[in-house]
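Take a look at the letters that make up each chain.
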Amino acid sequence: MEPAIVGIIGCGNISDAYFKGAARSKLIRVKACADLRAEAAEAQALTYGVAALPVDDLLADPEIEIVINLTVPLAHGAVSRQIITADKHVYSEKPLAARFSEAQALMLAAGGRGVRVGCAPDTFLGAAHQACRRAIDAGRIGRPVAGAASVLSHGMEHWHPNPEFFFKRGGGPIHDIGPYYVTQLVTFLGPVARVAAQVSTASPTRTVTSEPRKGQVIEVEVPTTVNGVLSFASGANVTLSASWDVWKHKRLPFEIYGTEGSLLVPDPNFFGGTPMISERDSEWRELDTAAHPFRIPNRTLRSGAEVADYRIIGLLDMAAALHQGRPHRASGDLALHVLEVLDAFERSSIEGHHVMIETPCERPEPLPLGSGDEVFLS
């Protein structure tokens, strides 16, 4: 297929991952970028050899087929709606919108215009997670009945250059990091039926200790610790803890328990890692990921750890799906279902009861085996 022509709106910290990911692929080509801060767009345009345009000019370019929305969470809904109104397909960073009602309206608008919506995270397409999905589908742990997931740290104000939006609506640990975990769970176990949760906020303010905003005080508008139980239509139930109030812990990111065994799933914020399986009461063994794409480490974290980071492959799948006329995997429908689940944590805590999840959702198709982007054309 000819590469799909892409534009990017939002040239902040995360945009580097998308520019680099696009440069690795033959399925898309970034033509232009835009940002409310013209200097930010110009800097990224210079770095990555694309055009810097005002937002309206980017949306008016007839050659641009898909627009990536990398704005802050509070702007996701409005900017994606603007992209849809311009009759462009949109692929957004998570969450789909800051509010579920806004995301619902966005999906209705896209349907009316006949354009597609895609949304991060796409980490569930990584080798480690697809290997776990294949093991579950093959019945190697029997019927999944339970699980435990946790994402615990002390927040973003210690390292991110502009951390304020993390503590505003559309942010917080459940809306910022939770999408990786809930999306992963839905791809493993199917749609969520109901949620029960308790939330809290440890401190009304956070003080930034990273540059260039060191010393800035942020008003916290979202829960910073969330503990809940997700009940799935399949009958499984999973506990999820998400917090930015934890300095240290020893909890694993992800465990899935079945009638015939258990899985240890690597961090769903990344694509690779080493999953482990125990069938019945056998010793833990590594689950082989060698035949799956998107597994080789390609990024070094601040800690020095080497991780596989292939952000943008959800968009590559979407571009190929447009060409082939098939559903794409990191879809707006999946993101809408996940957002309803994320919102349900705080609702359940405030209202004091289970919250029923109403949006339908199908598990996305697993990826074929292979070594790279060609799996999207299989």
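In case you missed it, the structure is sitting above this.
Nothing here was measured: the structure is a model prediction, and the numbers come from that model.

Inspection of the entire model under this criterion finds 19 salt bridges. Note that Glu157 is salt-bridged to Arg206, the shortest N-O span being 3.1 Å. One end of the pair, Glu157, is in the loop between β7 (144-152) and α7 (172-176); the other, Arg206, is in strand β9 (residues 205-207), with 49 residues separating them in the sequence. Here Glu157 and Arg206 have matching classes, each one buried. The partner of Asp309 in a salt bridge is Arg299, with the nearest N and O atoms 2.6 Å apart. Of this pair, Asp309 sits in the loop between β18 (306-307) and α9 (313-324) while Arg299 sits in strand β17 (residues 299-300), and the two are 10 residues apart along the sequence.

Okay, unusual backbone geometry next. A cis geometry characterises the amide bond from Lys94 onward to Pro95, with omega recorded as -10 degrees. With respect to the helices and strands, the residue Pro95 is situated in the loop between β5 (89-92) and α5 (100-113). Residues Glu211 and Pro212 are joined by a peptide bond in cis, for which omega reads 10 degrees. Unusually for a residue other than glycine, Asp87 sits at a positive phi of about 65 degrees.

This paragraph deals with the nonpolar core. If you look at the biggest cluster of nonpolar residues, it comprises 86 residues, and the most contacted ones within it are Ile28, Ile68, Leu263, Leu315, Phe345 and Phe376. The greatest single-element share of this core, amounting to seven residues, is contributed by helix α8 (residues 178-189). Discounting chain neighbours no more than four positions away, the residues touching Ile68 are Val6, Gly7, Ile8, Ile9, Tyr18, Tyr91, Ile312 and Leu315. In this structure, Ile9, Ala34, Val67 and Ala103 belong to the second largest nonpolar core, which totals 27 residues.

This part takes up the environment of Thr205. Tracing the sequence through the fold places Thr205 in strand β9. Overall, the relative accessible area of 29% leaves Thr205 in the partly exposed class. Sequence separation of Thr205 and Pro253 is 48 residues, and the distance between their C-alpha atoms is 27 Å. Those residues in contact with Thr205 that lie beyond four places of it in its chain are Val217, Ile218, Glu219 and Val220.

Turning next to α5. Owing to its 3.6 residues per turn, the α-helix brings residues three or four apart onto one side. Taking 1.5 Å of rise per residue, 14 residues should cover 20 Å, and α5 covers 20 Å from first to last C-alpha, within 8% of that figure. All of the buried residues along α5 are Phe100, Ala103, Leu106, Met107, Ala109 and Ala110. Against the buried residues of α5 lie α4 (73-85), β6 (117-119) and α10 (332-351). Two residues or fewer after α5 comes Gly114, characterised by a positive phi angle close to 70 degrees.

Attention now moves to the environment of Ser348. Relative to the helices and strands, Ser348 is located in helix α10. For Ser348 and Leu377, which are 29 residues apart along the polypeptide, the C-alpha to C-alpha distance reads 42 Å. Those residues in contact with Ser348 that lie beyond four places of it in its chain are Val195, Ala196, Ala197, His353 and Val355. Within the structure, the side chain of Ser348 is placed 2.9 Å from the backbone nitrogen of Ala197, a separation counted as a polar contact.

The rules behind these values
- Residues numbered from 1 in each chain as written.
- Predicted model: local features only at pLDDT ≥ 70, side-chain atom pairs only at ≥ 80, totals over all residues.
- Heavy atoms only, no water.
- Salt bridge = Lys/Arg side-chain N within 4 Å of Asp/Glu carboxyl O.
- Helix = DSSP H or I, 4+ residues; strand = E, 2+ residues; numbered from the N terminus.
- Buried < 20%, exposed > 50% of the residue type's maximum accessible area, 1.4 Å probe, protein only.
- Core = buried A, V, L, I, M, F, W, Y, C linked by side-chain atoms within 4.5 Å.
- Contact = heavy atoms within 4.5 Å.
- Expected span 1.5 Å × (residues − 1).
- Polar contact = N/O pair within 3.5 Å; in protein donor to acceptor, adjacent residues only side chain to side chain.

Any functional reading would require information that these geometric values do not contain.
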